[in-house]
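Fold and geometry: a report
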Amino acid sequence: MYENGMTVNFDGEKNTILCNGIVKDYPIGGMICEYSRLHPTELKKIFDSYPRKNDPRNSDNLFNGLVWLRDKLIEEYDPVIALMCLTECSSIIFDLVKASPEELKQFLDEANKDEKTKNIRPYILKDTGYDKFQVDTMGGVFSYCYYEASMQFVLFMHAFNALMKYSSEGNEEDLESKKKNEEVVDALLSFYGADELQMQHIDFKIAVIEGKFCSLYTIGSSLSLLLFELAHVLDKEVKIEKCKNCGHYFVINGRSDSKYCDYPSPQNSNKTCKAIGAQIAMAEKLKNDEATHLYRKIYMRNKMLQKRHPDDQQYPAILHKLISEAKMWRKRLKQNSELYPDYLKWIKQFDRENE
């Protein structure tokens, strides 16, 4: 059976995805942080790999295509990313099924002529055999779905980033940026008003699971996911921060001053940002510190002296010792940044030797 939308059980403290055979817990705010980690360009390989691109668009082929896409997305991505991308594509395909020929033409004209997305279309259509969006074949449908789902994600990220910047402490943005963020936040909050409730696309049901009554919510769009999470983030005063290492947002579950997330770091996928973020930050700091400048000065001075006095072996010896021992020091500093004063003292001895 095909399920449209992402169904979660919210128990007041966490969200549990219960959808398409998936069961996974997320802290409040964790689903939007997870979804924000998506890079839409990575989706192209999936949408372009559909094996029956030349099949005509009809109800059976559309249904089979959605089932194939569901399986591929779940195989490749975290459940939140997979299910929200699938939800957006499902909505697009359902719109295509219901649309009249005139409405189809309007959809495609808007996608093909939108000046704001003229740089995106060539990327999506590259290697598809098409120079514009069409939905006569399943390959065309998949390209169109990729385009529309990406646009919905862009809107989600625009609102999400504005919300995070608006709520962050010590915001140093200019007044114009602050005003724009406030406008986006005000627009988001308006969706909780009586006049805009129908725009939330969130269905609610009560079910019995393992003998307990559970509150199940089916989220029908990227924007609805943000609205769903935002309400509970505000209600529970959940703190979301941007990781100082990878730059992605994460929910703070432990210390309120956490700077690094628990995701695999971009420098080493076998270690989390929390595990190595501080060491990497120190390494970056060292690039512009006193010890580094002194090292470069000593290195260049001895290089020049070596060229001027090619027969004098003291300069090659100094360089060899400087380079080899500096490598060992840097490894030690990555493990323990408190050794920096000793490192600086070690470099200064080379400076004294050349006075």
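Scroll up to find the structure this text is about.
Residues numbered from 1 in each chain as written. Predicted model: local features only at pLDDT ≥ 70, side-chain atom pairs only at ≥ 80, totals over all residues. Heavy atoms only, no water.

Along the backbone of the chain there are 13 helices and 7 strands. Relative to the 2.2 N^0.38 estimate, which gives 20 Å for 355 residues, the radius of gyration of the chain is 27 Å and therefore markedly larger than a compact globule would have. Judged by the C-alpha coordinates and their principal axes, the chain covers about 85 × 50 × 45 Å. Considering the chain as a whole, with its 355 residues, one finds that 44% of them fall into the buried category. In the chain, once contacts between residues fewer than 6 apart in sequence are set aside, the share between residues at least 24 apart is 57%. Carbon and sulfur atoms form 51% of the exposed surface of the chain, whose accessible area is close to 20600 Å². Averaging the positions of the 49 positive and the 54 negative side-chain charges in the chain gives two centres separated by 9 Å. (Helix = DSSP H or I, 4+ residues; strand = E, 2+ residues; numbered from the N terminus. Rg over C-alpha atoms; globule rule 2.2 N^0.38 Å. Buried < 20%, exposed > 50% of the residue type's maximum accessible area, 1.4 Å probe, protein only. Contact = heavy atoms within 4.5 Å. Areas by Shrake-Rupley, 256 points an atom, 1.4 Å probe, with all protein chains shown as cover. Lys, Arg positive; Asp, Glu negative; His and termini not counted. Charge placed at Lys NZ, Arg CZ, Asp CG, Glu CD.)

Take the pairing of strand β1 (residues 6-10) next. Buried residues dominate β1, accounting for 5 of its 5 residues. Burial along β1 is two-sided: the face carrying Met6, Val8 and Phe10 and the face carrying Thr7 and Asn9 are both buried. Pairing analysis gives 4 bridges linking β1 to strand β5 (residues 212-219), with the strands arranged antiparallel. The partner of Thr7 across the bridge, within β5, is Thr218. Pairing geometry for β1 and strand β2 (residues 14-19), over 3 bridges, is antiparallel. In the sheet register, Phe10 faces β2, and the bridge partner there is Asn15. Counting the residues between successive antiparallel strands, the hairpin from β1 to β2 contains 3 residues, one of them, Gly12, with a positive phi of roughly 95°. (Pairing = 2+ DSSP bridges.)

Mapped onto the fold, Lys303 is located in helix α11 (residues 290-308). By relative accessible area, which is 32% here, Lys303 ends up partly exposed. C-alpha of Lys303 to C-alpha of Leu319: the two residues are 16 residues apart in sequence and 7.7 Å apart in space.

By definition, the strands of a sheet pair up through backbone hydrogen bonds, in either a parallel or an antiparallel sense. Overall, antiparallel pairing links the 5 strands, which are arranged β3-β2-β1-β5-β4 in an open sheet. The sheet is open, and its two borders are formed by β3 (22-27) and β4 (202-209), each paired with just one other strand. Neighbour-to-neighbour, the strand axes of the sheet open up by a mean angle of 30°, direction not taken into account. Where helix α4 (residues 79-98) meets the sheet, its contacts fall on β1, β2, β3 and β5, and the angle it forms with β3 comes to roughly 110°. (Axes fitted to C-alpha atoms, helices over the stretch in contact; angles between N-to-C directions.)

Within the structure shown, the criterion is met by 20 aromatic pairs. Between the aromatic rings of Phe47 and Tyr146, the centroid separation amounts to 5.1 Å while the plane-to-plane angle is 10°, which identifies the pairing as stacked. Linking Phe47 in helix α2 (residues 44-47) with Tyr146 in helix α7 (residues 138-167), this pair joins segments that are 99 residues apart in sequence. The class of Tyr146 is buried, set by a relative accessible area of 2%. Ring geometry for Trp329 versus Tyr343: centroids 5.9 Å apart, planes at 45°, classification tilted. Placement of the pair is Trp329 in helix α12 (residues 314-335) and Tyr343 in helix α13 (residues 340-353), with a sequence separation of 14 residues. For the pair Trp329 and Tyr343, a shared accessibility class is recorded, and that class is buried. Connected via pairs of aromatic rings, a cluster forms that spans Tyr35, Phe153, Phe156, Phe160 and Tyr249. Sitting over the face of the ring of Tyr123, Lys44 holds its NZ or CZ atom 5.7 Å from the ring centroid. Between the NZ or CZ atom of Arg332 and the centre of the ring of Trp329, over which it lies, the distance is 4.4 Å. (Phe/Tyr/Trp six-rings, centres within 6.5 Å; stacked < 30°, edge-to-face > 60°. Lys NZ or Arg CZ within 6 Å of the ring centre and 35° of its normal.)

Attention now goes to the packing of α4 against α7. Contact pair α4 / α7: the axes reach a minimum separation of 9 Å and the direction vectors enclose 125°. Taken together, the axis directions place α4 and α7 in an arrangement best described as oblique. Note that α4 runs across α7; the crossing there is right-handed. Of α7, the residues touching α4 (which contributes Glu88, Cys89, Ile92, Ile93 and Leu96) are Val141, Tyr144, Cys145, Glu148, Ala149 and Gln152. Partitioning the contact of α4 with α7 into residue classes produces 8 nonpolar, 1 polar and 2 charged. (Parallel < 35°, antiparallel > 145°, perpendicular 65-115°, else oblique. Left-handed = near helix turned anticlockwise from the far one by under 90°. Nonpolar A, V, L, I, M, F, W, Y, C, P; charged D, E, K, R; others polar.)

Turning our attention to helix α8 (residues 175-190). When the terminal C-alpha atoms of α8 are compared, their 22 Å separation across 16 residues agrees well with the 22 Å that a helix rising 1.5 Å per residue should span. Burial in α8 covers these residues: Asn181, Val184, Val185 and Leu188. Viewed along the axis of α8, the buried residues span an arc of 95°, placing them on a single side of the element. Within α8, the exposed residues directed more than 90 degrees away from the buried face are Leu175, Glu176, Lys179 and Asp186. (Expected span 1.5 Å × (residues − 1). Arc of directions from axis to C-beta.)

What follows concerns the nonpolar core. The biggest cluster of nonpolar side chains holds 74 residues, and the ones touching the most others in it are Met6, Ile17, Met31, Tyr35, Leu69, Leu73 and Leu225. With 17 residues, the top contributor of residues to this core is α7. In contact with Ile17, other than residues within four places in its own chain, are Met6, Thr7, Val8, Ile22, Val23, Lys24, Tyr26, Pro79, Val80 and Leu83. Core analysis: the second largest hydrophobic core is formed by 16 residues, Leu294, Tyr295, Trp346 and Phe350 among them. (Core = buried A, V, L, I, M, F, W, Y, C linked by side-chain atoms within 4.5 Å.)

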